[in-house]
Amino acid sequence: MGDETDIGFMRQAIALAQEAKDKPGTSPIGCVIVLDGRVVGQAHNEVGMRHDPSAHAEIVAIRRACESLGRDELRGATLYSTLQPCGMCSMASIWTSIRRIVYGAARPHVHRMYFEDRHLDVLDIIDDAFRNDMSAEGGVLAEECAVFYYKPDDEPPSEQQANT
């Protein structure tokens with residue numbers, strides 16, 4: 001899934017996830033934000049490193065993109081994430097006027113611990129926010145992205161499970 005442009009930017013997000021894979025205080029979730037064909041913000045998950053539960057890859061990338069552009073909105077941008085964004089990250093995308101979310105691994109590819117509500121996903125959040133100008137597409141390089149995460153039938157150690 002995804003065109004060549006989406007695949008190229010998702011590969012950049014995958015590289016960020018790979019960078020974080022063995023880095024203390026991080027998790028292998030990569031995010032790249034693109035506006036007018038250029039990367040304006042990028043990050044991997046930094047929750048443990050920053051001691052900040054909101055420092056998901058998408059939130060950190062949004063903060064960096066807004067700072068680099070000197071504004072508090074990202075109208076027209078595309079957010080690429082290796083994992084389907086959670087509710088917090090989806091809402092941040094809505095509030096910053098991101099036009100499009102493209103993600104790799106989705107709920108069916110990973111363990112349930114990665115999502116806070118088993119019955120709500122990014123598409124529901126976008127629909128409920130009445131954003132007719134926003135879209136989401138999942139499954140771009142899904143298998144390459146899913147290798148970073150526990151699979152649906154895995155039994156991760158309880159100390160690593162935040163949302164179960």
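You'll find the structure just up there.
Because the structure is predicted, anything quoted here is derived from the model rather than measured.

1. As for the pattern of salt bridges
Within this structure, the stated rule accounts for nine salt bridges. For arginine 50, the salt bridge goes to glutamate 46, with nearest N and O atoms at 2.4 Å. Taking the relative accessible area as the measure of exposure, arginine 50 reaches 44% and is therefore partly exposed. Given a relative accessible area of 3%, glutamate 46 falls into the buried group. The shortest N-O distance in the salt bridge between glutamate 137 and arginine 100 comes to 3.0 Å. In this pair, glutamate 137 is assigned in strand β5 (residues 135–137) and arginine 100 in strand β4 (residues 100–105), connecting sequence segments 37 residues apart. Classification of arginine 100 by relative accessible area gives buried; the value is 16%. One network of salt bridges, with partners in common, ties together Asp6, Arg100 and Glu137.

2. With respect to the nonpolar core
If you look at the biggest cluster of nonpolar residues, it comprises 47 residues, and the most contacted ones within it are Met10, Ile33, Ile62 and Leu74. Other than its neighbours up to four places away in sequence, methionine 10 contacts Tyr80, Ser81, Thr82, Val102, Tyr103, Gly104, Val140, Leu141 and Cys145.

3. Some thoughts on the packing of helix α3 (residues 57–69) against helix α4 (residues 87–95)
Running from amino to carboxyl end, α3 crosses α4 at an angle of 25 degrees, the nearest separation of the two axes being 9 Å. Here α4 runs roughly parallel to α3, going by the angle between their axes. Two packed elements cross with a definite hand, and for α3 against α4 that hand is left-handed. For the pair α3 and α4, the contacting residues are Glu58, Ile59 and Ile62 in the first and Met88, Cys89, Ala92 and Ser93 in the second. Class assignment for the residues of the contact of α3 with α4 results in five nonpolar, one polar and one charged.

4. Quick notes on unusual backbone geometry
At histidine 51, a residue that is not glycine, the phi angle is positive and equals roughly 55 degrees. Positionally, histidine 51 belongs in the loop between α2 (47–50) and α3. A positive phi angle is found at leucine 141, which is not glycine, with a value near 55 degrees. Among the secondary structure elements, leucine 141 is positioned in the loop between β5 and α6 (142–146). The class of leucine 141 is buried, set by a relative accessible area of 15%.

5. As for the pairing of strand β3 (residues 78–83)
The buried fraction of β3 amounts to six of the six residues, a majority that puts the element mostly inside the structure. Summarising the sheet, strand β1 (residues 27–35) and β3 pair through four bridges and their orientation is antiparallel. When the sheet's bridge partners are listed, cysteine 31 is paired in β3 with serine 81. Of the pairings in the sheet, the one linking β3 to β4 comprises five bridges and is parallel in character. Bridging from a neighbouring strand, leucine 79 pairs with isoleucine 101 of β4.

6. A closer look at the side chain of histidine 44
Residue position: histidine 44 is located in strand β2 (residues 38–45). Of the polar contacts made by the side chain of histidine 44, one reaches the side chain of lysine 23; its length is 3.4 Å.

7. Section: the packing of aromatic side chains
For the structure shown, the criterion picks out two aromatic pairs. Aromatic pair phenylalanine 9 and tyrosine 80: ring centres 5.4 Å apart, planes at 35 degrees, arrangement tilted. Separated by 71 residues along the polypeptide, phenylalanine 9 in helix α1 (residues 4–20) and tyrosine 80 in strand β3 bring together distant segments of the chain. There is no split in this pair, since phenylalanine 9 and tyrosine 80 are both buried.

Analysis parameters
- Residue indices begin from 1 for each chain and proceed along its sequence in written order.
- For a predicted model such as this one, the threshold for reporting local features is a pLDDT of at least 70, and the threshold for listing and counting side-chain atom pairs is 80 or more; totals across whole chains, interfaces and linings nevertheless cover every residue.
- Values reported for side chains reflect all heavy atoms of the structure, with hydrogen atoms and water molecules removed beforehand.
- The term salt bridge refers to a side-chain nitrogen of Lys or Arg lying within 4 Å of a carboxyl oxygen of Asp or Glu.
- Partly exposed residues are those whose accessible area sits between 20% and 50% of the maximum for their type, while under 20% is buried and over 50% is exposed, using a 1.4 Å probe and protein chains only.
- The way it works is that DSSP assigns letters per residue, a run of H or I at least four long becomes a helix, a run of E at least two long becomes a strand, and they are numbered from the N terminus.
- By nonpolar core is meant a set of buried Ala, Val, Leu, Ile, Met, Phe, Trp, Tyr and Cys residues that side-chain atoms within 4.5 Å join together.
- In what follows, a contact means two residues having at least one pair of non-hydrogen atoms within 4.5 Å.
- Axes here refer to lines fitted to C-alpha atoms; in helices the fit is confined to the stretch in contact. Angles between the N-to-C directions go from 0 to 180 degrees.
- Should an angle fall under 35 degrees it is called roughly parallel, over 145 degrees roughly antiparallel, and 65 to 115 degrees roughly perpendicular, with every other angle called oblique.
- By definition, turning the near helix anticlockwise from the far helix through less than a right angle yields a left-handed crossing, and turning it clockwise yields a right-handed one.
- Polar here means any residue other than Ala, Val, Leu, Ile, Met, Phe, Trp, Tyr, Cys and Pro, which are nonpolar, and Asp, Glu, Lys and Arg, which are charged; Gly is therefore polar.
- Two strands qualify as a pair provided that DSSP identifies no fewer than 2 bridges between them.
- Any N or O atom pair separated by 3.5 Å or less is treated as a polar contact, with the protein-specific requirement of one donor-capable and one acceptor-capable atom, and with residues adjacent in sequence counted only for side-chain atom pairs.
- Between the rings of Phe, Tyr and Trp (Trp by its six-membered ring), a pair exists once the centres lie within 6.5 Å; its type follows the angle of the planes, with under 30 degrees stacked, over 60 edge-to-face, and the other angles tilted.

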